[in-house]
Amino acid sequence: MRRVVTAILGGGQGARLWPLTRDRAKPAVPVAGKFRLIDIPISNSLHAGIEHVYVLTQFNSASLHRHIAQTYRFDVFSHGFVNILAAEQSVENTDWYQGTADAVRQNLRRLLELDPEEILILSGDQLYLMDLDRFVARHRETGADMTVAVKPVPASEASALGIMRINDEGRIVEFVEKPKNPELVSHLALDESTISQLDLDAEPGMLLASMGIYVFSPTVLQTLLDGTTATDFGKEVIPQALEGYRVSSFVHAGYWRDIGTISAFHSASLELTDTVPALDLYSPSRPIFTHPRFLPGCKVNGSSVSHAVLCDGAIVSSHCRIHRAVIGVRARVRDDSTIEESVIMGTTRFESQREQAGRLPLGVGANCEIRRAIVDMDARIGDGCRLVNAAGVEHADGDGWCIRDGILVVYRGAEIAPGTVV
């Protein structure tokens, strides 16, 4: 696995995840209270023994640079690295990344420098745990030129994903990006015979979808990208590869969530508060790595807490009610406040009384009610605020907050005046 190179796609502007991507790249978005999204694919790679990792990004990458520089430091006896490849102008190309395939094309020279046996391409806006060493082993065993990680999904999700049909050997024989025609979806659906033959954990009528995770043989990837105008793997590269190359599948049976939208991010975050979460962040053998902060433990003072994730340095004051919520690092929830079905991302620092002078303190004030919301880092919410979207609005914009997909989002660093009702 030391001869494998990982390229993590940082994505574009992240418009569907705005305002969480207003000031940061998608891979830098905080997740699960104390991690960043980028920690997921990097940790999966490191657990597989892959120590040459590149992160391809072009928007708001300053905080991502800082996080990676502070977190992933290899010792002097290792040749491993995690490097950022930000979009840059060159003599050959002066354009921004035009899509996933174009991002890899523009950085292909860097990816090939170490003469890798395989190039592993991962997405930077997904939550999943995968044995990437098994993924690469499958690619080698089948003698494939390209292998696509796939997962069974219900027909209702077909229009948002790349859907495929595979033969008895697991080779992809047909691929359609985001099919919307019901007849085509029905044609690609799994039947009982196929499910049994391939030993899939699926029901008849479900479909096999691409996870946006690929393994390429370097020469094949170079051939598919050089001298073409293809900009996207799903729309162009995979269908093109089916014509002349052996494209295999790797069925992932574990947890996977695409969290590229506000509603998906909120839903995946709340799943972490389940009694036994589908995403196991407590595995002793496969921890998620992140920046060490050296913070004190969370403190709860006479409050009711149920189905919640409470992170280092958080303080929950007296008579609060926390239910089905993620309370991030250094978060502060003051007396008599209620937090339900919400993500409170926390703060980047503890604030002294002198720093608080003349402005609202960091965190959630006293006597607040917050439901079905995401409060971004370093927000200041005054006493007596009621942020609940009682009217059930799907989309709205306000002073320091917005509503997307019915989820109320408080901007990073926003100040919400005492008594505000949304």
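Rules used throughout
Sequence order sets the numbering: in each chain, residues are counted from 1 along the sequence as written. Side-chain atom pairs in this predicted model are given and counted only at pLDDT of 80 or more, local residue features only at pLDDT of at least 70, and totals for whole chains, interfaces and linings cover all residues. As a rule here, side-chain values cover all heavy atoms of the structure and leave hydrogens and water aside. Patch members must show over 30% relative accessible area and no salt bridge, and they are joined within 9 Å when carrying like charges or within 5 Å when they are nonpolar side chains of Val, Leu, Ile, Met, Phe, Trp or Tyr. Each accessible area is a Shrake-Rupley estimate made with a 1.4 Å probe; only the visible protein chains count as cover when residues are assessed. Any carboxyl oxygen of Asp or Glu that lies within 4 Å of a side-chain nitrogen of Lys or Arg is treated as forming a salt bridge with it. The charge count includes Lys and Arg as positive and Asp and Glu as negative, but it does not include His or the ends of the chains. To locate a charge, take atom NZ for lysine, CZ for arginine, CG for aspartate or CD for glutamate. Note on conventions: DSSP H or I runs of at least 4 residues are helices, E runs of at least 2 residues are strands, and numbering of each starts at the N terminus. Definition of a polar contact: a pair of N or O atoms within 3.5 Å, with one able to donate and the other able to accept a hydrogen when the atoms are protein atoms, and with sequence-neighbouring residues admitted only if both atoms are side-chain atoms. Here a residue-residue contact requires only that any non-hydrogen atoms of the pair lie within 4.5 Å. Working definition: with a 1.4 Å probe on protein chains only, accessible area under 20% of the residue-type maximum means buried, over 50% means exposed, and in between means partly exposed.

A. Local environment of a negative patch on the surface. Negative charge collects at one region of the surface, where Asp191, Glu192, Asp199, Asp201 and Glu203 lie side by side. Here Glu192 is to be found in helix H7 (residues 192-198).

B. Expanded view of the side chain of Arg286. Along the chain, Arg286 falls in the loop between helix H10 (262-271) and strand S14 (299-300). Reaching out from Arg286, the side chain makes a polar contact with the side chain of Asp131 at a distance of 3.2 Å. When near neighbours in sequence (up to four residues on either side) are disregarded, Arg286 contacts Asn44, His47, Met130 and Asp131.

C. Quick look at unusual backbone geometry. Between Trp18 and Pro19 the backbone carries a cis peptide bond, its omega angle lying at 15°. Tracing the backbone through its elements, the reader meets Pro19 in the loop between strand S1 (4-9) and strand S2 (30-31). Positive phi outside glycine occurs at Asp405, with the angle close to 55°. Mapped onto the secondary structure, Asp405 falls in the loop between strand S26 (401-404) and strand S27 (407-410).

D. Examining the environment of Met164 more closely. With respect to the helices, strands and loops of the structure, Met164 is situated in strand S9 (residues 162-166). Look at Met164 and you get buried, because its relative accessible area is 1%. When the C-alpha atoms of Met164 and Phe175 are compared, they prove to be 4.2 Å apart, with 11 residues separating the residues in sequence. Ignoring any residue separated from it by four or fewer positions in sequence, one finds Met164 in contact with Val148, Val150, Ile172, Glu174, Phe175, Leu188, Leu208, Ala209 and Ser210.

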